[in-house]
Amino acid sequence: SFFWLVSVLFSSLVWFISVQVSNRDDAVLQYGLLIFGAAVSVLLQEAFRYAYYRLLKKADEGLATISEDGRSPISIQQMAYVSGFSFGIISGVFSVINILADAVGPGIVGVHGDSQYYFLTSAFLTMAIVFLHTFWGIIFFAACEKRKPFHIVGVVVSHLITSGLTFLNPWYEASLIPIYIITLGMGVWAFVAAGGNHHTIRKCLACKRQESNQVMVYSALQVPNED
């Protein structure tokens, strides 16, 4: 979450400086700078996602060094899930906090002819963003592990498209439906990237746990009784 906040801080600084040095009376230019700021924010988020991956890899190597069996107690898939979920949660909180503050009032949504589904669509959009960041984290980490740069490009491009679709609001049908289609596609991709297949689905539905190939060795030595 801290890494995500730092990325947004840097992107907001870039946008703020660009606004200050530009013509504020030009509405078209300011709208273009807003789109530019959103694109910079996406690129910085993904750059910080990679930086966090590198940091976790170093931590993983350290944990493997001090462990008894020479392996880290936390898998890279678990790290990817937690990292992506944290990015999604802080992103959702950051985007919806002002909306919730405005929901307190005063005022009525749609009183001037605007959409009455503003808060509802904002909630669904925030939920999609949380899921997307979780899926992006899993795909991104798996791509870094397996050295698949095109998968990383796919994550960045889908993130840019999702961010760009939000500029279609308040035409919610044109933004929310494609975003959920992207969310569904990213979910399937993340499932495959994490090693899922039809066999794991059947095991999950049958509530069967995968047998471990590790051998547990018990010592016959007894601890002496204390006097």
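Counting from 1, residues in each chain are numbered in the order their sequence is written. The predicted nature of this model means local features are confined to residues of pLDDT at least 70 and side-chain atom pairs, given and counted, to a pLDDT of 80 or more, with totals for whole chains, interfaces and linings taken over all residues. In computing side-chain values, all of the structure's heavy atoms are included and hydrogens and water are not.

1. Quick look at the overall build of the protein
Numbering of helices and strands starts at the N terminus; helices are DSSP runs of H or I of at least 4 residues and strands are runs of E of at least 2. Helix and strand counts for the protein stand at 7 helices and 0 strands. Starting at the N terminus and ending at the C terminus, the protein contains elements arranged as α-α-α-α-α-α-α. Only protein chains enter the accessibility calculation, which uses a 1.4 Å probe; a residue is then buried when its area is under 20% of its type maximum, exposed when over 50%, and partly exposed in between. For the protein, buried positions account for 33% of its 227 residues. Each accessible area value is a Shrake-Rupley result obtained with a 1.4 Å probe; residue values ignore everything except the protein chains displayed when judging cover. When the accessible area of the protein is evaluated, it comes to approximately 15500 Å², of which 67% is carbon and sulfur surface.

2. Thoughts on the pattern of salt bridges
Throughout this description, the term salt bridge denotes a Lys or Arg side-chain nitrogen within 4 Å of a carboxyl oxygen of Asp or Glu. Taken as a whole and judged by the stated rule, the model has 2 salt bridges. Its salt-bridge partner being Glu46, residue Arg49 comes within 2.9 Å of it at the nearest N-O pair. Taken together, the residues Arg49 and Glu46, both in helix α2 (residues 27–66) and 3 residues apart, mark about one turn of the helix. Glu46 gets classed as buried once you look at its relative accessible area, which sits at 4%. In this structure, Glu145 and Lys57 form a salt bridge, with 3.1 Å as the shortest nitrogen-oxygen distance. Of this pair, Glu145 sits in helix α4 (residues 118–146) while Lys57 sits in helix α2, and the two are 88 residues apart along the sequence. Residue class for Glu145 comes out partly exposed when judged on its relative accessible area of 33%.

3. What to know about the side chain of Ser11
Its place among the elements puts Ser11 in helix α1 (residues 2–20). With relative accessibility at 5%, the residue Ser11 sits in the buried group. Other than its neighbours up to four places away in sequence, Ser11 contacts Val40, Ser41 and Leu44. In this analysis, two residues are considered to be in contact whenever any of their non-hydrogen atoms come within 4.5 Å of each other.

4. Some points on the UniProt feature "transmembrane region" (unreviewed entry) in the protein
UniProt positions are given in the numbering used here, feature names are shortened, and annotations may be inferred rather than shown by experiment. Here the UniProt-annotated "transmembrane region" (unreviewed entry) positions come out as residues 28–48, 79–97, 117–143, 150–168 and 174–194. Within residues 79–97, the helical portion is 100% and the strand portion 0%, while the C-alpha atoms at the span's ends are 27 Å from each other. Between the C-alpha atoms that bound residues 150–168 the distance is 28 Å, and the span itself is 84% helix and 0% strand.

5. Focus on the layout of surface pockets
For cavity detection a 1 Å grid was placed over the protein atoms alone, and a set of points counts as a cavity when a 1.4 Å probe fits there but cannot get out; an open set counts as a pocket when protein lies on both sides within 12 Å along at least five of seven lines, with lining residues being those that have an atom within 4 Å of a point. Grid points are joined across faces, edges and corners, and a volume is the space filled by probe spheres set on the points. Approximately 1200 Å³ is the volume attributed to the largest pocket. Counting only elements with at least two residues in the lining of the largest pocket, the list comes to α1, α2, α3 (76–103), α4, α5 (149–165) and α6 (172–193). The element that contributes the greatest number of residues to the lining of the largest pocket is α4, accounting for 8 residues. Just so you know the grouping, Ala, Val, Leu, Ile, Met, Phe, Trp, Tyr, Cys and Pro go in nonpolar, Asp, Glu, Lys and Arg go in charged, and all remaining residues, Gly too, go in polar. Partitioning the lining of the largest pocket into residue classes produces 16 nonpolar, 18 polar and no charged.

6. Description of α5
One less than the residue count of a helix, multiplied by 1.5 Å, gives the span that helix is expected to have. Across its 17 residues, α5 extends 24 Å between first and last C-alpha, which sits within 8% of the 24 Å expected from 1.5 Å per residue. Those residues of α5 not exposed but buried are Val155, Val156, Ser158, His159, Thr162, Ser163 and Leu165.

7. Notes on unusual backbone geometry
Backbone geometry follows two general trends: most residues other than glycine have a negative phi, and most peptide bonds adopt the trans configuration. A cis amide bond links Asn169 to the next residue, Pro170, at an omega of 10°. Tracing the sequence through the fold places Pro170 in the loop between α5 and α6. Phi angles above zero are rare outside glycine, and Arg147 is one such case at about 55°. Mapped onto the fold, Arg147 is located in the loop between α4 and α5. The class of Arg147 is exposed, set by a relative accessible area of 75%.

8. Things to note about the packing of aromatic side chains
The pairing test for Phe, Tyr and Trp rings, Trp by its six-membered ring, is centres within 6.5 Å, and the orientation test on the planes gives stacked under 30 degrees, edge-to-face over 60, and tilted for anything in between. Evaluation of the coordinates by the stated rule reveals 13 aromatic pairs. Pairing Phe10 with Phe48 gives two aromatic rings, centres 6.0 Å apart and planes at 35°, and the pair type is tilted. In this pair, Phe10 sits in helix α1 while Phe48 sits in helix α2, placing the two residues 38 residues apart along the sequence. A centroid spacing of 6.5 Å and a plane angle of 65° characterise the contact between Tyr50 and Phe140, whose relative ring orientation is edge-to-face.

9. A word on the nonpolar core
Leu132, Ile139, Phe141, Ile179 and Met186 are the most contacted members of the largest nonpolar core, which totals 25 residues. Among the elements of the structure, α2, α3, α4, α5 and α6 are those that each provide at least two residues to this core. Beyond its immediate sequence surroundings of up to four residues, Ile179 is in contact with Leu125, Ala128, Leu132, Thr162, Leu165 and Thr166. Buried residues of nine kinds, namely Ala, Val, Leu, Ile, Met, Phe, Trp, Tyr and Cys, make up a nonpolar core once their side-chain atoms join them within 4.5 Å.

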